[in-house]
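Topology and contacts: notes
Residue-level listing of the chains:
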Amino acid sequence: MIDLRTGAFMNQSIRIVLLCVLLLSSVSASPPMQKIRLKLKWFSSFQFAGYYMALEKGFYKEAGLDVTIMERDPQKNNIVQVVEGEAEYGVADSALLLYRAEGKPVRIMASIFQHSPLIFIAHKDSGIVSPYELKGKKVSYQKGIDDAPLLAMLDQANLGATDYTYSPLDFTGRAFMNREVDVMSAYSSDQPFLMREKNIPITIINPLNYGIDFYGDNLFSTEKELSEHPERAQQFLEASIRGWHYALANKEETIALLRSKYNAQSSVEHLRYEAQISEDMMLPSMVDVGYTNPQRFYRIAEIYRAMNKANKGDLDRALDGLIWNPYEKHQIDVRYFYLSLGLLGLIFLIAVILVAISRKLRSMVIKRTRDLEEQQMMTDKYVIISATDLQGTMTYVSKAFCEISGYSHDELIGKTHTVVHHPDTPSSVYKELWQHLHTNRSWSGEIKNIDKNGNVYWVLTYIEPIVNESGITTGYRGIQQNITDKKYAEELSVTDQLTQLYNRSYLDKTLHREVTRFQRYGTPLSIIMIDLDYFKEVNDVYGHLSGDAVLVEIARILKTNIRVTDILGRWGGEEFMIICVQNSGDEAVRLAEKLRLTIALHPFSDVGTKTASFGVTSIEENDNELSLVQRVDTALYRAKKLGRNRVVESKTIQ
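Structural notes, computed from the coordinates. Quick caveat, the model's predicted, so the values are computed rather than measured. (Residues numbered from 1 in each chain as written. Predicted model: local features only at pLDDT ≥ 70, side-chain atom pairs only at ≥ 80, totals over all residues. Heavy atoms only, no water.)

**Quick look at the overall build of the protein chain**
As a reminder of what qualifies: For helices the rule is a DSSP run of H or I covering at least 4 residues; for strands it is a run of E covering at least 2, with both sets numbered from the N terminus onward. Only protein chains enter the area calculation, which uses a 1.4 Å probe; residues under 20% of their type maximum are buried, those over 50% are exposed, and those in between are partly exposed. The Shrake-Rupley method, run with a 1.4 Å probe sphere, supplies the accessible areas, and residue values consider only the shown protein chains as cover. His is not counted here, nor are the chain ends, while Lys and Arg score as positive and Asp and Glu score as negative. By convention, charge coordinates are those of NZ in Lys, CZ in Arg, CG in Asp, or CD in Glu.
Scanning the protein chain from N- to C-terminus turns up 24 helices and 22 strands. Each principal axis of the C-alpha distribution contributes one length, and for the protein chain these read about 110 × 70 × 50 Å. Classification of the 654 residues of the protein chain by burial places 47% in the buried group. About 33500 Å² of surface is accessible on the protein chain, with carbon and sulfur atoms providing 54% of the total. Charge separation in the protein chain, taken as the distance between the mean sites of 74 positive and 81 negative side-chain charges, equals 2 Å.

Right, dumping it as structure tokens:
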């Protein structure tokens, strides 16, 4: 029989343990406000709007942070200032990789700008339109900080430090405006607007147009800060990203606040221009704000190595650990360690008393319960799991599933997975999936989904039937792995960054595949080559930004007027190619004529109307990729020679 007094004693002991746990929770839940400093790379502007709005809207305060935002001191190196402890966090460009290669303990927390806004500008009447004209010229930029994309572009043009005269950047633009220097480094979000306000025509030389694609405005910190205060760093990062989302969604409010409270010197129109360019550089509709792809830094390291900025060994060591993961293993805060140690000592003392009553039973129950709870907690937090009934209605979703989909638990339960289905995913995928499940077979494959906010994500999915003790299938369980980064890297490798169409490499591979298909099965194939008429005049008269805008708009027109099965890509410069699978020559000519007329009638912003010339050809027996491309190129040349704005098919060429 059980002694009632012993049972009462056990209940009292359990109450004491729970009280201790609650005391620890209350201590942990109310930490003091932590003071930190953020060192900007320039003065207050929309370029740093996310941090200012996180401060203004109380996002930092909610995270327990007292943040001071410090503007740039042009006389100092802001990266070195963070390394030497003058600030805990900073903003800098991709040169952080070089500093790490030199032994500086810096790590990147987030890449706010997916493309660097750093450019060169030259006077319109100087005749300087590319890096190749900079030989013998006087060039002004900020050496050692924010110069990496510019120097990489010069290196690619075979220009070394002795091929031009370097002039330190004066940060006011006066030297450029007074023509004391020929070329000046600038930000695409800032100086082009300033020059337009002052009626100074300029030419923009953008490293992105020469294949130099660096990250811009990386949020960074030091090894010491991130290892000693990982929770603080994660809270600062999350609050900053939240501030960026707010700033982009509320541009006018943000601009007013920057001018009234944070000493932004630019006009409202200037800040609006900067806000739009900043959003274009961040690509929030394509990637999460702050997303960093490690593969991009491997490419940046290759460029540095080619420039002899650092050797391979130092760069390889720098790449290892360059990008900080907030979920990596961290050191324990000493204060909480000793507090936890004291509490454990108290619990241990109480446990000794309880063990005297029933050591073996208590040990088994506590250990088993703890293991199950930890396993369930870890699985729920990190594994993307869902369960459905036989009709596909969700009956369970893990926290990880909610996080990747953007929906809450209550929004998902009772719904089917169609809430996250992306319209691009062929229906045949789901048909095959259900065929497997209805025959009690598991299914696995890659699926493209879309979250609540319209963001695309990819998962590697494994689905299996749930069978009860009687062997009857009662539903289905799905386990997914997030492969979005892998898919994004694959997409970057085949995508032209300006137009978001397929690039030349992908067109070459596709053409080879379709020619092989013709040689094996006789499948019809035609190709259309398109060249914009007098496009150089657009860049010369209106500038490269306007030229880029025309190329983007042409890409949109072409994409919306072709078949789903047609493959469209940028062949190079202002040339585009359409691979018309299973199309005869007559069908391709009709399509080309439709596109020619659509372009000719379309009004383009700033530049008015533009026309294009088209070459068309169809595959013939004994053709290969080279002969096919040569023939369509000849047709295009003929169209331009006959006066442009026309379609010429290869068979019309004698």
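After that view of the structure, there is still more to cover.
**Considering the pattern of salt bridges**
Selection rule: Criterion for a salt bridge: a side-chain nitrogen of Lys or Arg within 4 Å of a carboxyl oxygen of Asp or Glu.
All chains considered together, the criterion is met by 30 salt bridges. Among the salt bridges present, the one from Glu 223 reaches Arg 100, with a minimum N-O distance of 3.0 Å. Taken together, the positions of Glu 223 in helix H9 (residues 223-228) and Arg 100 in helix H5 (residues 96-101) put the pair 123 residues apart, joining distant regions of the chain. Arg 556 is the partner of Glu 553 in a salt bridge, and the nearest nitrogen-oxygen pair spans 2.8 Å. One end of the pair is Glu 553 and the other is Arg 556, both in helix H22 (residues 544-560) and three residues apart, which spans about a single turn. One network of salt bridges, in which partners are shared, links Arg 100, Arg 107 and Glu 223.

**Examining the side chain of Ser 111**
As a reminder, the rule being used: The contact criterion used throughout is that any non-hydrogen atoms of two residues lie within 4.5 Å.
By the element assignment, Ser 111 lies in strand S4 (residues 106-113). Judged by its relative accessible area of 0%, Ser 111 falls in the buried class. Ignoring any residue separated from it by four or fewer positions in sequence, one finds Ser 111 in contact with Tyr 215, Asp 217, Asn 218, Gly 290, Tyr 291, Thr 292 and Phe 297.

**Structural notes on a nonpolar patch on the surface**
Using the following cut-off: Note that patches include only residues with greater than 30% relative accessible area and no salt bridge, and the join distances are 9 Å for like charges and 5 Å for nonpolar side chains (Val, Leu, Ile, Met, Phe, Trp, Tyr).
Side chains of Tyr 327, Met 377, Met 378 and Tyr 382 sit close together on the surface and give an oily, nonpolar patch of about 470 Å² of accessible area. Tracing the sequence through the fold places Met 377 in helix H15 (residues 334-382). Residue classification places Met 377 among the exposed residues on the basis of a relative accessible area of 52%.

By themselves, these are just geometric observations and shouldn't be taken as functional.
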